[in-house]
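Chains, contacts and geometry: an overview
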Amino acid sequence: MATQPIYKIIFQSRDRLYEIYAHKLSQSALFGFIEIEEMTFGVPSKLVVDPGAEKLASEFEGVKRSYIPLHAVVRIDEVSREGTGKVTPVSGESATVLSMYTAPKKGGA
């Protein structure tokens, strides 16, 4: 039996960079979004408590499906095993998010 693929999704929201792992990833029916399902947050260790991973798990607790805007996605990788998700503050040039959309020029043409 084939194992389910695992995707590492890195995206920016507000002033934070999220790294999450999920088993299902697809283009959403909502224009300009990707759809993420079956998020995984690693196996919690009983010896070491990672506050970043716990914060991420609590933020997505009860979420069945998440829609991420395409312009917020930094990178998507299919990986061989899941890692520990994390949230890091964005400072300076640590992440560059490219936008498909451009603002209209003022004053016409």
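Above this note sits the structure.
Residues numbered from 1 in each chain as written. Predicted model: local features only at pLDDT ≥ 70, side-chain atom pairs only at ≥ 80, totals over all residues. Heavy atoms only, no water.

1. So, the packing of aromatic side chains
To keep it simple, the criterion reads: Here the aromatic set is Phe, Tyr and Trp, taking the six-membered ring for Trp, and pairing holds for ring centres within 6.5 Å; pairs whose planes are under 30 degrees apart are stacked, those over 60 apart are edge-to-face, and all others are tilted. Here a helix means four or more residues in a row that DSSP labels H or I, a strand means two or more in a row labelled E, and each is numbered from the N terminus.
The full count for this structure, using the stated rule, is 2 aromatic pairs. With a centroid separation of 6.3 Å and 90 degrees between ring planes, the pair formed by Tyr18 and Phe60 is classed as edge-to-face. With Tyr18 in strand E2 (residues 16-27) and Phe60 in the loop between helix H1 (51-59) and strand E4 (65-69), the pair connects residues that are 42 residues apart, well separated along the chain.

2. Focus on the pattern of salt bridges
Heads up, the rule is: Any carboxyl oxygen of Asp or Glu that lies within 4 Å of a side-chain nitrogen of Lys or Arg is treated as forming a salt bridge with it. Whether a residue is buried, partly exposed or exposed follows from its accessible area with a 1.4 Å probe, protein chains only, as a fraction of its type maximum: under 20%, in between, or over 50%, in that order.
The final tally for this structure, using the stated rule, is 4 salt bridges. Two residues, Glu35 and Arg65, come together in a salt bridge whose shortest N-O distance is 3.1 Å. Separated by 30 residues along the polypeptide, Glu35 in strand E3 (residues 33-40) and Arg65 in strand E4 bring together distant segments of the chain. By relative accessible area, Glu35 is classed as buried at 14%. Residue Arg65 is classed as partly exposed on the basis of its relative accessible area of 33%. The network of salt bridges with shared partners includes Glu35, Glu37 and Arg65.

3. Let's talk about the nonpolar core
Quick reminder of the rule: Residue types Ala, Val, Leu, Ile, Met, Phe, Trp, Tyr and Cys, when buried and joined through side-chain atoms within 4.5 Å, form a set referred to as a nonpolar core. Whether two residues are in contact is decided by their heavy atoms, any of which lying within 4.5 Å being enough.
Membership of the largest hydrophobic core comes to 15 residues, with the highest contact counts inside it found for Ile9, Phe11, Ile20, Ile36, Phe60 and Ile68. In this structure, Ile9 is in contact with Tyr18, Glu19, Ile20, Ala22, Leu25, Ile34, Ile36, Arg75 and Ile76, ignoring residues within four places of it in sequence.

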